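# Understanding the architecture of this molecule
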Amino acid sequence: MAGIKINTGIIRLEVDCDGVKDEISFNPNDVIFMENIYRLMSELEKKKKAYEETEQKLNANTGIDENGIPVNMKERLSLISDICFYIKGQIDEVFGVGTSKKLFGNANTLDMFEQFFDGITPYIQSARESKLSQYKNSASRNVML
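Residues numbered from 1 in each chain as written. Predicted model: local features only at pLDDT ≥ 70, side-chain atom pairs only at ≥ 80, totals over all residues. Heavy atoms only, no water.

A tally of regular secondary structure across the chain gives 4 helices and 2 strands. Listing each helix as α and each strand as β along the chain from the N terminus yields β-β-α-α-α-α. The 145 residues of the chain split such that 26% are buried. Here the analysis covers contacts within the chain between residues at least 6 apart in sequence; of these, 51% occur between residues at least 24 apart. Per element, the accessible surface of the chain, about 10,400 Å² overall, is 53% carbon and sulfur. (Helix = DSSP H or I, 4+ residues; strand = E, 2+ residues; numbered from the N terminus. Buried < 20%, exposed > 50% of the residue type's maximum accessible area, 1.4 Å probe, protein only. Contact = heavy atoms within 4.5 Å. Areas by Shrake-Rupley, 256 points an atom, 1.4 Å probe, with all protein chains shown as cover.)

Given below as structure tokens:
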């Protein structure tokens, strides 16, 4: 039987979360995926500003308790926890339910998100650049015809 091969552009990446290996996949050529990524990045930028404002307010209170712990430590930890759960939820929305568990396990630190986005960005940029060059080449050929 004859067959065809279809390459949709899915990227599969091995994830090593503290020695536990798994895999995630995404398609930077998929229009819906890219819309969701751009939406996520925009929302994260807004959240970052709100986080920074809240952090400044918390930092303004320099009081410490009898153990030398900031009096607003509970609020500080709650803020970081809220941010982590929000970002994990957004990652699951864009990349599929369970992705954040594969990526981060049970960890809740802010730097792990930067590692993730830094890790996938080259794949997204490469796919986008490839698509743009295809459109430019196609437009050039059409003008010459």
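There's plenty left to go through after this.
A separate point is the side chain of Ser-100. You can see Ser-100 is positioned in helix α3 (residues 99-104). The class of Ser-100 is buried, set by a relative accessible area of 7%.

Now for the packing of aromatic side chains. Aromatic rings in a pair are described by how distant their centres are and how their planes are angled relative to each other. Inspection of every chain in the model, using the stated rule, returns 7 aromatic pairs. When the centroid spacing of 5.0 Å and the interplanar angle of 70° are considered together, the rings of Phe-104 and Phe-113 count as edge-to-face. Per residue, the accessibility class of Phe-104 equals that of Phe-113, and both read buried. Taken together, a centroid distance of 6.2 Å and an interplanar angle of 85° make the contact between Phe-104 and Phe-116 edge-to-face. Of this pair, Phe-104 sits in helix α3 while Phe-116 sits in helix α4 (residues 111-144), and the two are 12 residues apart along the sequence. (Phe/Tyr/Trp six-rings, centres within 6.5 Å; stacked < 30°, edge-to-face > 60°.)

On to the nonpolar core, then. Counting 26 residues, the largest nonpolar core has Phe-33, Ile-91, Phe-95, Phe-116 and Ile-120 as the members making the most contacts within it. Mapped onto this core, the elements with two or more residues apiece are β1 (11-17), β2 (20-26), α1 (31-60), α2 (73-95), α3 and α4. When residues no more than four places from it in sequence are discounted, the contact partners of Phe-33 are Phe-26, Asn-27, Pro-28, Val-94, Phe-95 and Ile-124. (Core = buried A, V, L, I, M, F, W, Y, C linked by side-chain atoms within 4.5 Å.)

Moving on, we get to α1. Taking 1.5 Å of rise per residue, the 30 residues of α1 would be expected to cover 44 Å, and the 44 Å separating its terminal C-alpha atoms lies within 8% of that figure. Burial in α1 covers these residues: Phe-33, Met-34, Ile-37, Leu-40, Leu-44, Tyr-51 and Leu-58. The opening residue of α1, the one whose side-chain oxygen lies 2.9 Å from the backbone nitrogen of Ile-32, is Asp-30. (Expected span 1.5 Å × (residues − 1). Polar contact = N/O pair within 3.5 Å; in protein donor to acceptor, adjacent residues only side chain to side chain.)

This paragraph deals with the environment of Met-41. Relative to the helices and strands, Met-41 is located in helix α1. Expressed as a C-alpha distance, the spacing of Met-41 and Gln-90, which sit 49 residues apart in the sequence, is 9.9 Å.

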